[in-house]
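Each chain, written out:
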Amino acid sequence: MPFFIINTIILLTLQTLPLPTLQSSHVIPTNGTCRDTCGTIPVKYPFGTGFGCGHPAFARYVKCGDGGTTLQLTTGTGTYTISSIDYPSSTVIVTDPLMSTCTSMQNSGSFSLDRVSPFSISDENIFVLLGCSTTSPLFDPDQDLCDTGSGSRVCRGLYSCKGVSGIGLPENAPASTCCVYDSPSGFGSGYNLDLPKLQCSSYTSIYEFGDEGDPTKWRFGVSLRYNESYYSSGCRDCEESSGFCGFSGLDQSFACICPNGINTTVNCFGRGYAWSGTMGLGVQIKMNIAGLLLLWIIVGRMRKLKMINSLAISLLVFASLQEVSSHGDQPLSKVAIHKTVFALHDKAHVKASQTILGLEGQNTEWVTVNFGSPNPSDDDWIGVFSPANFNASSCPAKNPATHTPTLCSAPIKYQFANYTNSKYKDSGKGSLKLQLINQRSDFSFALFSGGLSNPKLVAVSNIVAFANPKAPVYSRLAQGKMWNEMTVTWTSGYAINEAEPFVEWGPKGGDHVRSPAGTLTFDRSSLCGAPARTVGWRDPGFIHTSFLKELWPNTMYFYKLGHKLSNGSYVWSQEYQFRSSPYPGQNSLQRVVIFGDMGKDEADGSNEYNNFQRGSLNTTQQLIQDLKNIDIVFLIGDICYANGYLSQWDQFTAMVEPIASTVPFMVASGNHERDWPGSGSFYGNLDSGGECGVLAQTMFYVPAENRAKFWYSTDFGMFRFCIADTEHDWREGTEQYKFIENCLASVDRQKQPWLIFLAHRVLGYSSGGFYVDEGSFGEPMGRENLQTLWQKYKVDMAIFGHVHNYERTCPIYQNICTNDKKNYYKGSLNGTIHVVAGGGGASLAEFASVEPKWSLVRDYDYGFVKLTAFDHSNLLFEYKKSSDGKVYDSFRISRDYRDILACAVDSCPSMTLAS
C-alpha cells in the first residue's frame, strides 16, 4: 500500500471521530476570553485581551485590565493606560497618570521600556524634563543631552501654563530647569527615564503639537512604535475564518481561537489539530469505540505490510490516549542543583532592575531581570536564590571523605530564559518580570545553561533585598480552643532575644490592648529526610502566635503585629481586621468555605511548566473577591505541596494572606504534609519530602491537644466540625477513633444542629480512578471503621480532599442511598452525604469510567464548597468553580430538631418488648 495512502486513511479515520479535547489551564484560553475590544479600544493582533490571546511577545506587556474596561501597558516602572492604537502606522499612545500636562503638573515617577520589549519610542515623541536641579547630569556640557534650540520654546510654553505651580514653580519661571530631548535612551542604559537619577521633579511627553504657540492644545502622551512583523499568513487565515490569533502557553506556538469553542493550530474552517478551550489539566480524549476499532484494524493491516511510519504511530498513540494527569512532581525537584558546575562567562550578564524593595512597607514586589548569554540555548534558565549567597559555603558540614557539591541550595523559583522572548536562542538577550515576597533574606538571580538536569552556572546578578527583611509578615488567623478566642500567627526574622513579639488589638472605636506572642522555630535536625534536610532546606525564621481572648461574639476587631526591639523602638505590620466567631448555638447567618489540595502557584508563571498547581490562584482570587460573604475557611490537607522545599511555605502564606488575615483559616493534615517512612505516619510513603508534619504544625495553629496529632474539633455558631488526621491511625480502638467518637457524641444538636466531619483522605465514598482501581471506592478500611459512628451520631456531611475533583453522593449508609432526593432534603437524611472537594488547585484527578448509583454529581474541575446556615433549620450547600465563582451544584436541607432526634437505621439503641 503506498505511503501517502496509509497516511490518508489514518487521517480520514481520525476525522470521523470527535475532535480530541486538550485540557490545560496553561494552554489555550476559554472561548470568550479573547475579545476584539477592551473598553473603547479596538484590539487586533499582535495585541490580545487575555493570556493566550495575541502574540506571546506582547502578552506580558499588554492586558485588558480594570474589569475589561481599560487596555493597559505594563513596563518595569508601572502600568499605563493605552488611549489609542493606530494599526496602519503601528503606533500606540499611552498615558501616565503621574505625567505632567499643561493643565496639571505634579511630581512624576520614572518611565522605561524593557530592552527586550517589542516597543520603541516613536521618532515624533518629545520628552520634556521639568523642575530639574541645576546639578542634574542633563546639564553636563560634555553630555549634550538637552535640545537648546527649538526645545527652549517648548520649555517656555510649558512654564507659561498655570499648572506649573503643581511642581512648585511660578508661572513663566526661567526655563533653565527644563530640558527637552527626543528619547529617554539619551541617558543611561536602555529606554530608561530615571527621574531621581536625573534630579528632576517631573516629566511630560508630547507626541503632537495642535498649535505650537498654545500649549493647552498640545497632545500629551507617550507615542510608541511596535514591531508589526509578527503578523503572518497563518494569522490572516485565522482572522478570515472569524478566529482570534493566539498562542499556546506550553510552547508559545500559534493557536487560532475560534468562536465555536474549538481552538486549532491553523484556522476555524476545520483544518489543523483542534483543542477545546476548557480550562483544566491533563489530556482527555473522547472517541467513539467503532472509530477507534476501525483505526486499530487499519493500523494492524499496515503493520503486517510493514509500511506504517512513525507519524502514523504517533497519531495512533495520541488518539488512543484517555487521560494524562497526576499529582505531578514538585517543580523545584526537577532542578539537579547538586550537579551544578561553574561555567562563568565574562560576556554573560544578569541584572535586576531594583536593589531595595518594600520602601513603602510592601511585602510583595515585581522585579525585572535582564540577562544575556554569548551562547544562548532554549535550555537556559534563570534561578532565584535566597539567601543571595548560595555557594558551597552554605552547605552543611560533611565527612571530609565526601565530595561537597558546588551548590546545595535549590532556587526558590525559576523560569526558562525564553519564557517571554521566543527569539532568545538567536539574540542571546532576554528579560523576565518576577515577583518576590519578603522572606527574611536577600535575593540574587543566576543564569544557567544545560537545562535543569545538568545546570551550568553562567552568570550571577546584583543583590536585591527588602528594606526590612525581618518585618512581621503573612498574618493567619485560626480559632482558639474556646469559641471566644482567636489566634494570630505570623512569620518574622526576629528571634525572641532581639525583639518582643505581640499583637495590638481592640474593637473599632474602643481601647486597644497588647497580647504577647509565643515563638517557635526549628532546624534541619527536626526534619526527617531529603529534600527538606538537604537542597530544600531554608531557614524558616520565627513563627509567632498570640491568643486574643474573651472576644465578644460577631464583633469587628482591628489588629496589627508588632515587635518591640531591644533599643525600645517598634516594628509594625499593616493594620488588619477580623470578625469574631459566633458563640455556640448563636442563631445568625454563618458561611463556611471548605476545600482541599490547594497548593500554590506563581503569579509570574515561574516553576509551573508542568502544570503542578494551576488552579490555586483562581481559588485564591475567588475567595478574596467574595471575602465579605465568608466567615471561616477550612483547607483540609495537602496545603501547599512544598514537598520538602521550605521556601514554598512562605510563598503559600503570602498567597493566602488576604484571606487568612481576615477570617479563621483552619487546616488539616494531608499526605504531603506528614507522610514519611519510619516517622510514625500511618502511611510509609515519601509524600512530605522529609517534612514529616513539622512545617504544617509550626506554620499554622490548630486547636489540637497535641499539634503533632493533627486532629481537633472546633465550634462555629450552629456548626460543630470534627477534623480527623488521616495520616495517623483512625481505626477502632485507637486514640484518634476515641477522639472522633467523643467529638460527634458531645455536641448539643439542639444548639448546634449542623454536624460536619472533615478529613483529607476519603474515608467515605469516591469514584476517583485510583480508588476504583483498588476496588475500594475510598480509603481501604475507612468506611468499615467509621460509618457506624457517622450513622449513630447522625453526621450531616463528611467532606474530604485527596482526590482532585468534585463529587457528591446521596445520603448514604453501607453503600445504600437512604434518601432519593437530590437537591432538597426535608426532614431526616437517614444517612450522611459524602463530598469530595479536592479541587482547590493541585492537578486534577480523573474519575473512573464506572459511575456508582450513589454518586449524584461529579465534576472534573477546580472548585470549593460553601455551606450557609441561615438558622437552626435551614442549610444551603453550594459547589462553586474556581474559574468563575459561579454555583454548579447545590442542595438545601430543611428540618427541625425532632428530625435529628428521629431514629434511622443503626442510629438508635436497640429496643426490646420490655422497653
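Higher on the page you've got the structure.
Notes on the structure follow. From a predicted model like this one, the values you see are computed outputs, not experimental measurements. (Residues numbered from 1 in each chain as written. Predicted model: local features only at pLDDT ≥ 70, side-chain atom pairs only at ≥ 80, totals over all residues. Heavy atoms only, no water.)

Moving on, we get to the sheet that holds strand S14 (residues 218-220). Pairing between the strands of a sheet is mediated by backbone hydrogen bonds and can be parallel or antiparallel. Pairing is antiparallel in the open sheet, where 4 strands are placed in the order S11-S10-S13-S14. Edge strands, defined here as strands with exactly one partner in the open sheet, are strand S11 (179-181) and S14. Neighbour-to-neighbour, the strand axes of this sheet turn through a mean angle of 35 degrees, independent of strand direction. Bridging between strand S13 (residues 200-209) and S14 involves 3 bridges; their strand directions are antiparallel. Bridged to glutamate 208 within S14 is arginine 219. The strands that helix H3 (residues 150-159) touches are strand S10 (126-132), S11, S13 and S14; relative to S10, the one it contacts most, it runs at about 60 degrees. (Pairing = 2+ DSSP bridges. Helix = DSSP H or I, 4+ residues; strand = E, 2+ residues; numbered from the N terminus. Axes fitted to C-alpha atoms, helices over the stretch in contact; angles between N-to-C directions. Contact = heavy atoms within 4.5 Å.)

A complete count under the given rule lists 27 salt bridges for this structure. Across the pair arginine 219 and glutamate 208 runs a salt bridge whose closest N-O atoms are separated by 3.9 Å. Placement of the pair is arginine 219 in strand S14 and glutamate 208 in strand S13, with a sequence separation of 11 residues. For arginine 219, a relative accessible area of 43% corresponds to the partly exposed category. The closest approach of N and O atoms between arginine 895 and aspartate 796, which form a salt bridge, is 2.6 Å. With a gap of 99 residues between them, arginine 895 in the loop between strand S53 (887-894) and helix H16 (897-901) and aspartate 796 in the loop between helix H15 (782-792) and strand S45 (797-800) connect regions that are remote in the sequence. Across this residue pair, the class does not change: arginine 895 and aspartate 796 are buried. (Salt bridge = Lys/Arg side-chain N within 4 Å of Asp/Glu carboxyl O. Buried < 20%, exposed > 50% of the residue type's maximum accessible area, 1.4 Å probe, protein only.)

It is the contact of helix H9 (residues 616-625) with helix H10 (residues 647-660), at a shortest axis distance of 9 Å, that shows an interaxial angle of 20 degrees. Comparing the axis directions of H9 and H10 gives the class roughly parallel. Handedness of the crossing formed by H9 with H10: left-handed. Across the interface between the two elements, Ser616, Leu617, Thr620, Leu623 and Ile624 of H9 pack against Met655, Pro658 and Ile659 of H10. Along the lines of polarity and charge, the residues of the contact of H9 with H10 split into 6 nonpolar, 2 polar and no charged. (Parallel < 35°, antiparallel > 145°, perpendicular 65-115°, else oblique. Left-handed = near helix turned anticlockwise from the far one by under 90°. Nonpolar A, V, L, I, M, F, W, Y, C, P; charged D, E, K, R; others polar.)

So, about the sheet that holds strand S32 (residues 473-479). A sheet is described by the order of its strands in space; here 7 strands give the open sequence S32-S33-S36-S35-S34-S37-S38, paired in antiparallel fashion. Every interior strand has two partners, whereas the edge strands, S32 and strand S38 (570-579), have only one. Neighbour-to-neighbour, the strand axes of the sheet open up by a mean angle of 25 degrees, direction not taken into account. Where strand S33 (residues 486-492) lies against strand S36 (residues 542-548), 7 bridges are found, and the strand directions are antiparallel. The partner of threonine 487 across the bridge, within S36, is phenylalanine 547. Those strands touched by H10 are S32, S33 and S38, and its axis lies near 60 degrees from that of S32.

Before going further, it helps to spend a moment on a nonpolar patch on the surface. Together, Phe342, Leu344 and Val460 line one region of the surface with nonpolar side chains, adding up to about 310 Å² of accessible area. One can find leucine 344 in the loop between strand S22 (341-342) and strand S23 (349-352). Exposure remark for leucine 344: the relative accessible area of 56% places this residue in the exposed category. (Patch = residues over 30% accessible without salt bridge, like charges linked within 9 Å, V, L, I, M, F, W, Y side chains within 5 Å. Areas by Shrake-Rupley, 256 points an atom, 1.4 Å probe, with all protein chains shown as cover.)

Quick look at the state of the cysteines now. Tallying each qualifying case throughout the model produces 12 disulfides. A disulfide bridge connects cysteine 34 with cysteine 53, and the sulfur atoms are separated by 2.0 Å. Linking cysteine 34 and cysteine 53, the disulfide has an S-S dihedral of approximately -90 degrees and is accordingly described as left-handed. Taken together, the positions of cysteine 34 in the loop between strand S1 (21-22) and strand S2 (37-38) and cysteine 53 in the loop between strand S3 (41-42) and helix H2 (56-59) put the pair 19 residues apart, joining distant regions of the chain. Cysteine 53 shares its class with cysteine 34; the two are buried. Sulfur-sulfur distance for the disulfide between cysteine 528 and cysteine 692 comes to 2.1 Å. (Disulfide = S-S within 2.5 Å.)

Attention now goes to the nonpolar core. Core analysis: the largest hydrophobic core is formed by 72 residues, its most contacted members being Phe634, Phe652, Phe665, Phe721 and Leu867. Ignoring anything within four residues of it in the chain, the contact list for leucine 867 reads Gln590, Arg591, Val592, Ile594, Phe719, Ile756, Met797, Leu875, Leu876 and Phe877. (Core = buried A, V, L, I, M, F, W, Y, C linked by side-chain atoms within 4.5 Å.)

Attention shifts here to the packing of aromatic side chains. Throughout the structure, instances matching the rule amount to 44 aromatic pairs. Geometrically, the ring pair formed by tyrosine 825 and phenylalanine 891 is edge-to-face, given 5.6 Å between the ring centres and 80 degrees between the ring planes. One end of the pair, tyrosine 825, is in strand S48 (residues 824-826); the other, phenylalanine 891, is in strand S53, with 66 residues separating them in the sequence. Here the aromatic residues Trp381, Phe385, Phe390, Tyr414, Phe416 and Phe448 are joined through ring pairs into a cluster of three or more. Above the ring of tyrosine 683, the side-chain terminus of arginine 761 is found at 3.5 Å from the ring centroid. The side chain of lysine 881 reaches across the aromatic face of tyrosine 888, ending 4.4 Å from its centre. (Phe/Tyr/Trp six-rings, centres within 6.5 Å; stacked < 30°, edge-to-face > 60°. Lys NZ or Arg CZ within 6 Å of the ring centre and 35° of its normal.)

A cis geometry characterises the amide bond from serine 386 onward to proline 387, with omega recorded as 5 degrees. Tracing the sequence through the fold places proline 387 in the loop between strand S26 (381-385) and strand S27 (413-416). Here alanine 530 and proline 531 are connected by a cis peptide whose omega angle stands at 5 degrees. Its location among the elements puts proline 531 in the loop between strand S35 (513-520) and S36. Positioned with a positive phi, asparagine 830 is a non-glycine residue whose angle comes to about 65 degrees. Take asparagine 830: it is sitting in the loop between S48 and strand S49 (832-837). Among the residues examined, asparagine 830 registers a relative accessible area of 31% and is labelled partly exposed.

Before going further, it helps to spend a moment on the side chain of asparagine 805. Positionally, asparagine 805 belongs in the loop between S45 and strand S46 (806-813). Once residues within four sequence positions are removed from consideration, asparagine 805 is found in contact with Val836, Ala837, Gly838, Gly839, Ala845, Glu846, Phe847, Asp859, Tyr860 and Asp861.

Structural measurements only, silent on function.
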